[in-house]
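Observations on chain architecture
The chain contents come next:
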Amino acid sequence: MIIFLILLLALVVLVTGAALLVVRDPMHGVVNLGVSLLALSILFLVLGAPFVAALEVMLYVGAILVLFLFAIMLMRTPIELGEASRWRQGFWWPAVLIVLLAAVLIILYGRHPMLPVAIQEITPAAVGRALFGPYLWLTEAVALLLFAVIGAVLAIHQRGDHDA
Amino acid sequence: MTLEWALIIAALLFLTGVALVLLRRNLIFLLLGIELLFNSAMVIALVGEARWHSVTGQVLVVFMMALSGAALALTLALLLRVKQELGADTVEALRGLREEANE
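Residues numbered from 1 in each chain as written. Chains lettered and ligands numbered in written order. Predicted model: local features only at pLDDT ≥ 70, side-chain atom pairs only at ≥ 80, totals over all residues.

**Some words on the overall build of chain B**
Helix and strand counts for chain B come out as four helices and zero strands. Listed by position from the N terminus, the elements making up chain B come as α-α-α-α. The C-alpha radius of gyration of chain B comes to 17 Å, more than 25% above the 13 Å expected for a compact globule of 103 residues. Projected onto its principal axes, the C-alpha positions of chain B cover 55 × 25 × 20 Å. Burial analysis of chain B (103 residues in total) assigns 50% to the buried set. (Helix = DSSP H or I, 4+ residues; strand = E, 2+ residues; numbered from the N terminus. Rg over C-alpha atoms; globule rule 2.2 N^0.38 Å. Buried ≥ 20, exposed ≤ 12 C-beta atoms within 10 Å, placed from the backbone.)

**Structural notes on the interface of chain B and chain A**
Interfaces are often sized by the amount of accessible area the parts lose when they come together. Between chain B and chain A, the residue contacts involve 56 residues of the former and 66 residues of the latter. Secondary-structure elements contributing two or more residues to the side of chain B that touches chain A are helix H1 (2–23), helix H2 (27–52), helix H3 (56–86) and helix H4 (91–102) of chain B. If one sorts the elements of the side of chain B that touches chain A by residue count, H3 of chain B sits on top with 19 residues. Per-class residue counts for the side of chain B that touches chain A are 39 nonpolar, seven polar and ten charged. (Contact = placed C-beta atoms within 7 Å. Nonpolar A, V, L, I, M, F, W, Y, C, P; charged D, E, K, R; others polar.)

**A short note on the packing of helix H2 (residues 26–46) of chain A against helix H3 (residues 50–75) of chain A**
Residue and element names in this part refer to chain A. The geometry of H2 relative to H3 is characterised by a closest axis approach of 8 Å and an angle of 175° between their N-to-C directions. Classified by the angle their axes make, H2 and H3 are roughly antiparallel. Note on element contacts: H3 touches H2 through Pro50, Val52, Ala53, Glu56, Val57, Tyr60, Val61, Leu65, Phe68, Leu69 and Ile72, opposite Pro26, Met27, Val30, Leu33, Gly34, Leu37, Leu38, Leu40, Ser41, Phe44 and Leu45. (Axes fitted to C-alpha atoms, helices over the stretch in contact; angles between N-to-C directions. Parallel < 35°, antiparallel > 145°, perpendicular 65-115°, else oblique.)

Okay, here's the thing in structure tokens:
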């Protein structure tokens, strides 16, 4: 039963990824990424990580996607359908590299590394005990980093007299 | 079979992310590709957690989310600045920046 759910999730990720590759409007790309992220949060739930699944919805779909929407809104790109190319110049060699990477992955996955493991759920309480126990200093460092990002964003947007 | 298919989904995400970063012309799609790469790494960390029944995978994913959010806020601010200064949001505009620096 669970395998059908996983296959469905793989299909959703494949379709939204393909759509991300070919859509022209950045807004459509963001919506496709949102669908992909929701599918991933279900996958995280299946893998026994309910805390991370909730964080994926709240942080990625709720915050990062909204950041993208704000950026698209603030950039005010005029809608130009049809004439603008969606690929960059000289993209053939990177395309060849990506096909080679896909071939390597297919060969790698063809060797059937079986992982017969019963998945057991790891509760948010255990994650919290780990975050504020052995990883306390790392957590505080990340908090400091997120605080520093505010200053960095302000510095990027500062229009001083020296560069006017 | 669940973990194998999760790894296959991670591989799909990774391929799509690399293709977006390398092929697309619009800078917003480049950033979307970077987010997909982060998510692929998260799936692999959670597969490791499910394999070894360890809480470290989820802790790693929490840190990865915070770091990717921080990096994305900075790069989106830079993107808005590029749009203001250069008037374009494509990779070719940044290529012009490199040619100016070489002169």
